[in-house]
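The primary structure of each chain is shown beneath.
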Amino acid sequence: MHLRFRSLGTLSLLALALTSSALQAQGDEKTPLGKKMAAINTAFKAIGRQIEDPSKNASTLEQITVMETNAKAALTLEPEKKAQVPAAQQAKFVADYKAGIQKFIDTAVKLRTAVKAGKNAEAVAIVDEMKAQQRESHKEFRIRKAGCLLYTSD
């Protein structure tokens, strides 16, 4: 019986530690690029929740506009991780980052076209494509903060 209480206590402490790490990470100051990416992520999550429902296409189009606007603004910024890249490779790093953002914008345009046409099944596939692109881009261009276990869009 005492062993169960110890296990429960240990699990509770572990959960508390993980929660405090996550809350601390949320409270950190965000860079201008971080703010743009957070806005993109919020809109992208909303799209993911409603993309299958044609009755929510108007809202989805609004969220796509938010994503596109912030992504276009992100094109003018540079990732914080650039400072960790050797000087000789920084120009290529930034060019690759901007190419990735442009690819994201181009995919968002495809998504907008599919949603406007009422092709929600096609739009779901495009959202899945965007999720894969996001995961790969974050691996390359995002600094992994302490306490972060996974990079997910959900």
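It should be emphasised that the depicted structure is a prediction, and the values quoted were computed from it without experimental measurement.

Thresholds, definitions, all that
Residues numbered from 1 in each chain as written. Predicted model: local features only at pLDDT ≥ 70, side-chain atom pairs only at ≥ 80, totals over all residues. Heavy atoms only, no water. Helix = DSSP H or I, 4+ residues; strand = E, 2+ residues; numbered from the N terminus. Buried < 20%, exposed > 50% of the residue type's maximum accessible area, 1.4 Å probe, protein only. Contact = heavy atoms within 4.5 Å. Areas by Shrake-Rupley, 256 points an atom, 1.4 Å probe, with all protein chains shown as cover. Polar contact = N/O pair within 3.5 Å; in protein donor to acceptor, adjacent residues only side chain to side chain. Expected span 1.5 Å × (residues − 1). Axes fitted to C-alpha atoms, helices over the stretch in contact; angles between N-to-C directions. Parallel < 35°, antiparallel > 145°, perpendicular 65-115°, else oblique. Left-handed = near helix turned anticlockwise from the far one by under 90°. Nonpolar A, V, L, I, M, F, W, Y, C, P; charged D, E, K, R; others polar. Phe/Tyr/Trp six-rings, centres within 6.5 Å; stacked < 30°, edge-to-face > 60°.

Draft legend 1. The arrangement of the overall build of the chain in detail. Each helix and strand counted, the chain has five helices and zero strands in total. Ordered by position from the N terminus, the helices and strands of the chain form the series α-α-α-α-α. Out of the 154 residues in the chain, the part that is buried amounts to 31%. Partitioning the intrachain contacts of the chain with sequence separation of at least 6 by distance along the chain shows that 63% fall at a separation of at least 24. For the chain, the accessible area works out to roughly 10,000 Å², and carbon and sulfur atoms hold 58% of it.

Draft legend 2. A look at the environment of Val66. Within the element layout of this structure, Val66 appears in helix 3 (residues 57-74). Not counting chain neighbours up to four residues away, the residues in contact with Val66 comprise Ala39 and Ala43.

Draft legend 3. Examining the side chain of Thr60 more closely. With respect to the helices, strands and loops of the structure, Thr60 is situated in helix 3. Of the polar contacts made by the side chain of Thr60, one reaches the side chain of Gln50; its length is 3.0 Å. Setting aside residues no more than four positions away along its own chain, Thr60 makes contact with Ile47, Gln50, Ile51 and Val115.

Draft legend 4. Main features of the environment of Ala99. Following the sequence through the fold, Ala99 ends up in helix 4 (residues 87-116). Relative accessible area serves as the criterion here: at 47%, Ala99 is assigned to the partly exposed category. Distance from Ala99 to Leu75, taken between C-alpha atoms, is 8.8 Å for residues 24 residues apart in sequence.

Draft legend 5. Broad picture of helix 3. Between its first and last C-alpha, helix 3 extends 25 Å over 18 residues, near the 26 Å set by a 1.5 Å rise per residue. Taken together, the buried positions of helix 3 are occupied by Asn57, Thr60, Leu61, Ile64, Met67, Glu68, Asn70, Ala71 and Ala74. The inward-facing, buried residues of helix 3 abut helix 2 (32-50), helix 4 and helix 5 (120-141).

Draft legend 6. Region of interest: the packing of helix 2 against helix 4. Interaxial distance between helix 2 and helix 4 falls to 14 Å at its minimum, and their mutual angle equals 30°. Between helix 2 and helix 4, the angle falls in the class roughly parallel. As helix 2 packs across helix 4, the resulting crossing turns out to be left-handed. On helix 4, the residues that touch Leu33, Met37, Ile40 and Ile47 of helix 2 are Tyr97, Ile101, Phe104 and Leu111. Partitioning the contact of helix 2 with helix 4 into residue classes produces eight nonpolar, no polar and no charged.

Draft legend 7. Representation of the packing of aromatic side chains. Applying the stated rule across the entire model yields three aromatic pairs. Taking the centre distance of 6.0 Å and the plane angle of 70° together, the rings of Tyr97 and Phe141 count as edge-to-face. One end of the pair, Tyr97, is in helix 4; the other, Phe141, is in helix 5, and 44 residues separate them in sequence. Summarising the burial analysis for this pair, Tyr97 and Phe141 share the class buried. Members of the aromatic cluster, joined through ring pairs, are Phe93, Tyr97 and Phe141.

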